[in-house]
Each structure stands twice: as C-alpha cells, then as structure tokens.
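# Descriptive structure summary
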Amino acid sequence: SIAGTVSTAVDGTRVDSLTVTAEPVDGGALAEYQTETATTMTAAGGTYTLRFLIPGTYTVTVTSPDTTVVSSPDSISVAVAFGENVTAIDFALVE
C-alpha cells in the first residue's frame with residue numbers, strides 16, 4: 001500500500017475530498033496484474049491509503065474535482081515491494 005497526507009503549504013491544514021491516484025510506470029513483479037490505476041479520496045484528516053497494490057513502481061498524484069489544485073511536488077515516484085506498506089508520501093497544496 002501507499003499512504004500519506006495532503007495539506008496546505010501555507011499553514012499545514014489537512015485537506016479532504018481530493019483524489020489521489022497511483023499509476024503503474026513499469027511492468028512490476030507481476031506485470032500481468034499491474035495494469036490498473038489505483039484511486040482513492042483523502043479522508044477528513046487529509047489522509048489517504050491506496051491498498052492492494054501489486055509490487056512495482058507507481059507515479060502518485062493529487063487532483064481536485066475542478067483540477068485547480070496544484071501540489072508540491074506535482075507527483076512522487078514510489079516503489080512498492082511485495083507486502084510493503086509505504087508511508088509518508090505527503091503532498092502540500094500550493095494553490
């Protein structure tokens with residue numbers, strides 16, 4: 001899994017109801033299973049968890065329904081090993 005928080009860059013307020021996406025960027029350890037993009041929403045405390053990911057490398061991004069949100073960084077590359085829970089993949093909103 002991949003987990004983290006989304007907050008504002010100005011004062012650190014955590015932000016809910018944003019879409020977090022993990023898109024596979026390689027074939028992964030089990031390429032035949034790693035074809036889907038994983039998506040979730042940030043919870044009330046700005047936290048998110050993308051569960052049940054196949055081992056491999058993913059590009060993680062944050063977007064808002066109206067696409068006006070800009071995060072820093074704009075994306076994060078995350079490698080997930082078999083059975084691994086990758087945490088602290090955090091984003092700060094700059095707009």
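Residues numbered from 1 in each chain as written. Predicted model: local features only at pLDDT ≥ 70, side-chain atom pairs only at ≥ 80, totals over all residues. Heavy atoms only, no water.

When you go through the protein chain residue by residue, the secondary structure sums to zero helices and eight strands. Counting from the amino terminus, helix and strand elements in the protein chain follow one another as β-β-β-β-β-β-β-β. Residues counted as buried form 39% of the 95 residues belonging to the protein chain. Restricting the contact set of the protein chain to residue pairs at least 6 apart, pairs at least 24 apart contribute 58%. (Helix = DSSP H or I, 4+ residues; strand = E, 2+ residues; numbered from the N terminus. Buried < 20%, exposed > 50% of the residue type's maximum accessible area, 1.4 Å probe, protein only. Contact = heavy atoms within 4.5 Å.)

With that settled, consider the pairing of strand 7 (residues 76-80). The side-chain alternation of strand 7 yields one buried face, formed by Ile-76, Val-78 and Val-80, and one unburied face, formed by Ser-77 and Ala-79. Two elements, strand 5 (residues 56-63) and strand 7, share five bridges in a ladder whose sense is antiparallel. Bridge pairing links Thr-59 to Ser-77 in strand 7. (Pairing = 2+ DSSP bridges.)

In sheet architecture, strand pairing relies on hydrogen bonds along the backbone and comes in two forms, parallel and antiparallel. A sheet is described by the order of its strands in space; here four strands give the open sequence 4-1-8-6, paired in mixed fashion. Both outer strands of the open sheet, strand 4 (47-50) and strand 6 (71-72), are each paired with one neighbouring strand and no more. In the sheet, strand 6 pairs with strand 8 (residues 91-93) via two bridges, with the strands oriented antiparallel. Following the sheet pairing, Ser-72 is matched in strand 8 by Ala-92.

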